[in-house]
Structures are given as structure tokens and as C-alpha cells.
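# Structural overview
Residues per chain are reported as follows:
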Amino acid sequence: MQIESIRQRLQALGALPVHEQRVLRDWLQRRPYDGGRRRPEDFLPKALRAALPQIDAELGGLVRLLSSHPTDDGSARLLVGLADGQAVESVLLPRGGLCVSTQVGCAVGCQFCMTGRSGLIRQLTGGEIVAQVALARSLRAVKKVVFMGMGEPAHNLDNVMDAIDLLGSEGNIGHKNLVFSTVGDARVFERLPQGVVKPALALSLHTTKPELRAQLLPRAPRMSPVELVERGEAYARATHYPVQYQWTLLEGVNDGDDELDGIVALLKDRYAVLNMIPYNSIPDLAFRRPAWERCREIARQLHRRGVLTKLRDSAGQEVDGGCGQLRARAAQPRQS
Ligand code: SF4
């Protein structure tokens, strides 16, 4: 179900913009319809009022919780079923964050990511993307949504932008707390600045070397790290919010001193923060995470050399819910 078709359905039942807003807010902010008549928007047209139980059931049926896998750090991996039997994963993050999926599978095929190994199975609709937020809010408060789960948001751009627009307007989430994450795609830099709700931007960098990046992200658009940063910088300046560069630390691959020199040349004095995330292990892959002390040393050195760097350990990794570990588990034989 696309967001536009939800709106059209409401309009066909006589909803004015204020009524539409009321129904969508109740859904996304988990406010049960109380039948109250204290505010103008409570006076829903009769046909809409009559159809509300059915509409609620349809919106509530877009996704369902198949299982929840909590960890001690306050995060939880959620296995989320879709109406056609496919499944995606969302991750509840500490401090009110939620990581949502935008596709079943992913076509980019990053070498260190589990999701990419299945290829793209299908796009999520805008309704299915925002329904992950409504579902998570039935479990606890959600104040921030990052589009960093399964899928490359740039490959499902219309639906992701619709979801961002709805979450930023009726979902009560500030635009800086909506984080669009991408490997970099010319369409993203053209379209995001035109949106009503302009999200924060996270760009997957992973290396400063174009050839290595082409190996690690084999089906990402051929945009050089220099161009990626130039375009990211323009977006950050236009939206007055820093770009987050993402860097999965892989031992012996992109954790050397040569990369540190490249990072300083690329990111020093940029309106940006560099998030370094040690690799989370994935079965059958030969990559390894560097020792924690090496990771800290890298972050320290970059800081000293003028690059704002945060070293992050992925939330949820102990339940395979960390960066790069998500996959469509229900599509595979159950292990337990
Ligand atoms: Fe796709 Fe992101 Fe995984 Fe790369 S890291 S394969 S873009 S889901």
C-alpha cells in the first residue's frame, strides 16, 4: 500500500486535509480513536467514521511482528512479516532510535554485508516503511528513524521520500532525526534538497580509494570518494546539518595509516562527522574486525588531525542485529 493510495482512500470517504492528518497521526503516533469531539478534526465525516475500523485493520496488517530479539544494551532486532509472506528486519536502538528497512534484500552487494548476499527480492512500499515505525511504537517510544536497515534507500527513492515526508509531518519526528543512508547516488543529491522534509544524510564511504571502494561496494554507482564528499558537503551546507560518513572498519583492508592520510585530505574542515564502526562478523566471510585498541587509536589520530570522528560499536550485534547483519530470515528454513 502506497502512502498516496492511503490518502486517496481517505479522501474518497470524504476526508478533508484535517481529517486525513488526524487518521494518519493516530496511526503513526499510536493514538487510539477515542470518538471524542473536542477538536474540529474529531468530527470525521460519517462515511470515514464508519470505515475506520476496517482502515485501522488494513494499516495494522501492513506489517506484523514475527519475533523480537532484545539485547542488554537496550536494542532489539525485530523480525517483521509483510503481507505477502516476505520478511524484513527493523532494529530498536538505544535512546529511542529505530533502524528501518526499505527493501527486501539489496542489489548493491557490499562485500561485508549479509543483506546484499540475497540480491534484491522486492521494494517495500511507503506504507510498509512507515508501518515499521508504527509497529515499533507499539513496543516503545521512537524519536529517531534511520533508514539503514535492509536495502539501499536510493534504489527505492520515491517510496522512501514519501515515508520521510509522512514521518516528518504526521509522525512527529524532526527532520534531523530522520537519517537517509546511501552509498551515494546522483538521484539522491538531486531529489533530497527538493523534499518538504529534508532528512539528515549518511554516506557510506568505507575507503578513500576508488578502486577499493569499487571492490567493496561492487554495484554502487561509480562516484569517486572526492565527488561523494563534495556533493555531501553541498547538502550539509544547504540543510545546516552535518553529513555522517560511515566507515566499516575491516582489519588489513581499510584500517591502515594510508587511509588515515586519505581521510584527513578528504574530510578535514568539512561539515561532517565520521562514524567508524568495527566490522560485525558474518558467517562464511573472511573479513575481521580490527582490535578495539587499534580502532580507538584510529579515532584518536583522526580527531587530533581535525576530523570529528566517532567510534561506534553497532547496537544489537549480539543478536545479529548490527550493521551489515540483517537479512530476510523468514525466507530461509527456520533454525529454531
Ligand atoms: Fe545494501 Fe547497505 Fe548491505 Fe550495502 S550495506 S549491501 S547498501 S544493505
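Scroll up a little and you will see the structure.
A brief report on the enclosed structure follows.

Parameters and conventions
- Positions within a chain are numbered from 1, following the residues in the order the chain's sequence is written.
- Only residues with pLDDT of at least 70 are given local features in this predicted model, and only at 80 or more are side-chain atom pairs given and counted; all residues enter the totals for whole chains, interfaces and linings.
- Between N-to-C directions, angles span 0 to 180 degrees; the directions come from axes that are lines fitted to C-alpha atoms, helices contributing only their stretch in contact.
- Secondary structure is summarised from DSSP: a helix means a run of H or I of at least four residues, a strand means a run of E of at least two, and numbering begins at the N terminus for each.
- For classification purposes, an angle smaller than 35 degrees is called roughly parallel, one larger than 145 roughly antiparallel, one from 65 to 115 roughly perpendicular, and anything else oblique.
- The crossing is said to be left-handed when, going from far helix to near helix, the turn is anticlockwise and less than a right angle, and right-handed when the turn is clockwise.
- Note on contacts: residues are paired as contacts if their backbone-placed C-beta atoms lie within 7 Å.
- Side-chain classes are defined by residue name, with Ala, Val, Leu, Ile, Met, Phe, Trp, Tyr, Cys and Pro counting as nonpolar, Asp, Glu, Lys and Arg as charged, and the others, Gly among them, as polar.
- We count a residue as near a molecule or strand when its backbone-placed C-beta atom lies within 6 Å of that partner.
- Only buried Ala, Val, Leu, Ile, Met, Phe, Trp, Tyr and Cys residues enter a nonpolar core, and they are joined through C-beta atoms within 7 Å.
- Using C-beta atoms placed from the backbone, we call a residue buried if 20 or more other C-beta atoms fall within 10 Å of its own, exposed if 12 or fewer do, and partly exposed for counts in between.
- Expected helix span is taken as 1.5 Å per residue step, with the number of steps being one fewer than the number of residues.
- Working definition for bend: take the seven residues up to and ending at a residue and the seven starting at it, fit an axis to each, and measure the angle between the axes.
- Whether a crossover is right-handed depends on one test, that the path from the first strand over the helix to the second runs clockwise when the strands point away from the viewer.
- Strands pair, by our definition, only if DSSP identifies at least two bridges between them.

## A word on the packing of helix H4 (residues 126-137) against helix H5 (residues 157-169)
One way to put it is that H4 packs onto H5 with a least axis distance of 8 Å and a crossing angle of 40°. Here H4 is positioned oblique relative to H5, judged by the angle of their axes. In this structure, H4 meets H5 at a crossing whose hand is right-handed. In contact with Gly126, Ile129, Val130 and Val133 of H4, H5 contributes Asn159, Val160, Asp162, Ala163, Leu166 and Leu167. Residue composition of the contact of H4 with H5, by class: 7 nonpolar, 2 polar and 1 charged.

## Looking at the site of the ligand
Contacts to the ligand come from Cys106, Val108, Gly109, Cys110, Cys113, Thr115, Gly116, Met150, Gly151, Glu152, Val183 and Gly324. Within the shell around the ligand, the residues separate by chemical class into 6 nonpolar, 5 polar and 1 charged.

## Some remarks on the nonpolar core
Counting residues in hydrophobic clusters, the biggest one holds 96 residues, and the most contacted among them are Leu98, Val130, Val133, Val145, Leu167 and Leu274. Among the elements that line this core, the one with the most residues is H4, at 7 residues. Not counting chain neighbours up to four residues away, the residues in contact with Leu167 comprise Val130, Val133, Val145, Ile173 and Leu178.

## Quick look at helix H3 (residues 46-60)
Turn by turn, an α-helix covers 3.6 residues, leaving residues three or four places apart pointing in a common direction. Relative to the 21 Å expected for 15 residues at 1.5 Å per residue, H3 spans 22 Å between its end C-alpha atoms, a close match to the ideal helical length. At Leu52, H3 shows its largest bend, some 50°, and a proline, Pro53, comes one to four positions later. Of the residues making up H3, those classed as buried are Leu48, Ala51 and Leu59. Elements in contact with the buried residues of H3: helix H1 (3-12), helix H2 (17-28) and H4.

## Describing the pairing of strand S8 (residues 178-182)
Burial analysis of S8 places 5 of its 5 residues in the buried class, which makes it a mostly covered element. Going residue by residue along S8, you find Leu178, Phe180 and Thr182 tucked away on one face and Val179 and Ser181 tucked away on the opposite face as well. Traced from strand S7 (residues 144-147) through H5 to S8, the parallel crossover comes out right-handed. Of the crossover connections in this fold, the one passing from S8 over helix H6 (residues 186-191) to the parallel strand S9 (residues 200-204) is right-handed.

## Points about the sheet that holds S7
Within the open sheet, the 10 strands sit side by side as S1-S2-S3-S4-S7-S8-S9-S10-S11-S12. Their pairing is mixed. Lying at the two open borders of the sheet, with one neighbouring strand each, are strand S1 (63-70) and strand S12 (309-311). Taken pair by pair, the neighbouring strands of this sheet meet at an average axis angle of 25°, ignoring direction. Pairing of strand S3 (residues 87-93) with strand S4 (residues 97-99) involves 3 bridges; the strand directions are antiparallel. Among the inter-strand pairings, Leu93 is bridged to a residue of S4, identified as Gly97. Across the face of the sheet, helix H8 (residues 225-239) comes into contact with S9, strand S10 (243-249) and strand S11 (272-278) while running at roughly 170° to S9. This element, helix H10 (residues 292-304), spans S10, S11 and S12 of the sheet and lies at about 165° to S12.

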